[in-house]
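# Inside the fold
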Amino acid sequence: MSSSVDTQGIDKVRDWILGRHPDRTELAPDVNIIENRLVDSLAFVELVYAIEDASGREIDFDAIDVEDFQSLATIERAFFS
Amino acid sequence: MHAVSYTAQWMAAARALESERDDALYTDPLARELAAPKGFELIERYEGGGLLPFISIRTKYLDDAISSALADGGIDQVVLIAAGMDTRAFRLDWPEDVTVYEADHGPLIEEKRRRLDALGAVPRTDRREVPADLTGPWMPELHKAGFDPSRPTLWVAEALTFFLTEEQAGELLRLLAAESAPGSRLAFDILGRALLRSPFSKPFLDQLAADGTPWIFGTDEPEEFVRAHGWKVTDLTEPGEPGAGEGRWPYQVQPRSRRGANRLWLISAESVAG
């Protein structure tokens, strides 16, 4: 697996989050997206779909670990490595 | 007051905020006075997660469901179950000769009456208070207030089923069905099961539980649940769909087939004979 493909994947996730917040232009990898309310509880399912689309991997809703979704860095580690 | 009464104040606060918007889905001029003392505090406490738009969209959906159910004149009695600080009897246009029953526990009804009297509020239809413990047998109280089970009824249960267990929610639907003459209807909401199990909802749900108002029941198969308890779904809508806050709902409406989606069901149903 080439690293450029991985980068593209997490970029898609970043773009999806930024797309919900037109006032923001940047999102650093370590920013906590839950505490900063960039993704709320109802939007989370859409984040999961966005990650699935970007990674090409299906995510098991019954085995979701919230820790994997704290920031772009944790998302990248969990779903794009 | 009971913790659930604070929930009624929270709903009133949400309706007050909706009423003050330029693009308000409805106007409830009494809501602000009914929200005290805790309503606005709870708005802040439970902020986020689409709650405010959901409360507004649900209220509007049920307003519309009421007007649609009464339109052909076949129904002239409406029962608001766990009415809380609902002011529909004061703010909707009611056809002539409609009786509206508001069932809730006694202390809440008294407090609501005290505030409405102080405001000089006048109901726009025949409004009857039904003080009752909805966790016990409350139909006798409804009958005492004048309810006639031989005539078709519209039952409205707003923001109620998620406070019940699945068994209690099923029993409630069965009880309403048993008291329903042919042609009766039911308008209410059910939460999605995935929503209540989502780890992302957990902090909010834990907070509600700690505050004494846990959200318990939800299903992702509302048609089956309703059918299993004496009713047939005639309309099933989710927030964000046409006619249900389209443009106001900050989330995508997910196709029914999508796994894991957070559902909020707005439901109209008709009673099934037998």
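- The name recorded for chain B in an unreviewed UniProt entry is S-adenosyl-L-methionine-dependent methyltransferase, from Streptomyces triticagri.
- Per its UniProt entry, chain B bears the Function (unreviewed entry) comment "Exhibits S-adenosyl-L-methionine-dependent methyltransferase activity."
- The UniProt entry for chain B carries the following comment under Sequence similarities (unreviewed entry): "Belongs to the UPF0677 family."

## Quick notes on helix H4 (residues 51-70) of chain B
- For H4(B), which comprises 20 residues, the first-to-last C-alpha distance of 29 Å matches the rise-based estimate of 28 Å (1.5 Å per residue) to within 8%.
- With 15 of 20 residues buried, H4(B) is to be regarded as a mostly interior element.

## Section: the pairing of strand S7 (residues 264-271) of chain B
All names here are of chain B.
- Burial analysis of S7 places 7 of its 8 residues in the buried class, which makes it a mostly covered element.
- With 7 bridges connecting them, strand S5 (residues 185-191) and S7 associate as antiparallel partners. By the bridge assignment, Ala187 is partnered in S7 with Ser268.
- Where strand S6 (residues 231-237) lies against S7, 6 bridges are found, and the strand directions are antiparallel. In the strand pairing of S7, Leu236 is matched with Ile267.

## A short note on the nonpolar core
- Grouped together as the largest cluster of nonpolar side chains are 81 residues, with contacts concentrated most on Val13(A), Ile17(A), Leu47(A), Trp10(B) and Trp215(B).
- Top element by residues in this core is H4(B). It accounts for 10 residues.
- With residues up to four places along the chain from it excluded, the contact list for Ile17(A) reads Leu27(A), Ile33(A), Leu38(A), Val39(A), Leu47(A) and Leu72(A).
- Core analysis: the next-biggest nonpolar cluster, separate from the first, contains 30 residues, Leu176(B), Ile190(B), Phe217(B) and Phe225(B) among them.

## Re the sheet that holds strand S1 (residues 77-81) of chain B
Residues and elements named next belong to chain B.
- Taken together, 7 strands build an open sheet; the order of strands is S3-S2-S1-S4-S5-S7-S6 and the sheet is mixed. Single-partner strands in this sheet number two, and they are strand S3 (126-131) and S6. Averaged over all pairs of adjacent strands, the angle between strand axes in this sheet comes to 20°, irrespective of strand direction.
- Strand direction decides the pairing type here: strand S4 (residues 153-157) and S5, joined by 4 bridges, are parallel.

## Quick look at the packing of helix H1 (residues 3-19) of chain B against H4(B)
Residues and elements named next belong to chain B.
- In the contact formed by H1 and H4, the axes pass within 9 Å of each other and the chain directions differ by 85°. Considering the angle they form, H1 stands roughly perpendicular to H4. Note on element contacts: H4 touches H1 through Leu51, Leu52, Ile55, Ser56, Arg58 and Thr59, opposite Trp10, Met11, Ala14, Arg15, Leu17 and Glu18.
- Residues of the contact of H1 with H4, tallied by class, amount to 7 nonpolar, 2 polar and 3 charged.

## Here we look at the interface of chain A and chain B
- Counting residues at the interface gives 19 residues for chain A and 19 residues for chain B.
- Both faces combined, the contact of chain A with chain B buries some 1,700 Å², and carbon together with sulfur accounts for 55% of it.
- Looking at the side of chain A facing chain B, the largest losses of area belong to Ser41(A), Leu42(A) and Tyr49(A), adding up to 37% of the total buried there.
- Scanning the region where chain A abuts chain B turns up 3 salt bridges.
- Where chain A packs against chain B, one counts 9 residue pairs in polar contact (both at pLDDT 80 or more).
- Taken together, the residues of the side of chain A that touches chain B break down into 11 nonpolar, 1 polar and 7 charged.

## Some points on the confidence of the model for chain B
- The pLDDT averaged across chain B works out to 94; a share of 99% of its residues lies at or above 70.
- Complex prediction metrics read pTM 0.93 and ipTM 0.79.

Definitions and limits used
The numbering scheme is per chain: residues are counted from 1 as the chain's sequence reads. The order in which chains are written sets their letters, starting at A; the order in which ligands are written sets their numbers, starting at 1. Totals for whole chains, interfaces and linings use all residues, but because this is a predicted model, local features are given only for residues with pLDDT of at least 70 and pairs of side-chain atoms are given and counted only at 80 or more. Side-chain metrics in this entry use all non-hydrogen atoms of the structure; hydrogen atoms and water are not considered. UniProt positions are given in the numbering used here, feature names are shortened, and annotations may be inferred rather than shown by experiment. Working definition: helices are DSSP H or I runs of at least four residues, strands are E runs of at least two. Numbering for both runs from the N terminus. What a helix is expected to span follows from its residue count: subtract one and scale by 1.5 Å. Throughout, exposure labels follow a simple rule: accessible area from a 1.4 Å probe, protein chains only, divided by the maximum for the residue type, with under 20% read as buried, over 50% as exposed, and the rest as partly exposed. Think of it this way: DSSP has to see at least two bridges between two strands before they count as a pair. Residues enter a nonpolar core if they are buried and are Ala, Val, Leu, Ile, Met, Phe, Trp, Tyr or Cys, with the set joined through side-chain atoms within 4.5 Å. When checking whether two residues touch, look at their non-hydrogen atoms; a contact exists if any pair is within 4.5 Å. Axis definition: a line fitted to C-alpha atoms, limited for helices to the stretch in contact. Angles are taken between N-to-C directions and run from 0 to 180 degrees. Oblique is the label for every angle not falling under 35 degrees (roughly parallel), over 145 degrees (roughly antiparallel), or within 65 to 115 degrees (roughly perpendicular). We call Asp, Glu, Lys and Arg charged. Ala, Val, Leu, Ile, Met, Phe, Trp, Tyr, Cys and Pro are nonpolar, and the rest, Gly among them, are polar. Defined here as a combined quantity, buried area equals the accessible surface (1.4 Å probe) lost by two parts on assembly, summed across both. Here a salt bridge means any side-chain nitrogen of Lys or Arg lying within 4 Å of a carboxyl oxygen belonging to Asp or Glu. Polar contacts, as counted here, are pairs of nitrogen or oxygen atoms within 3.5 Å of one another; within protein the pair requires one atom able to donate a hydrogen and one able to accept it, and residues that are adjacent in sequence qualify only if both atoms are side-chain atoms. On a scale of 0 to 100, pLDDT captures the predictor's confidence in every residue.

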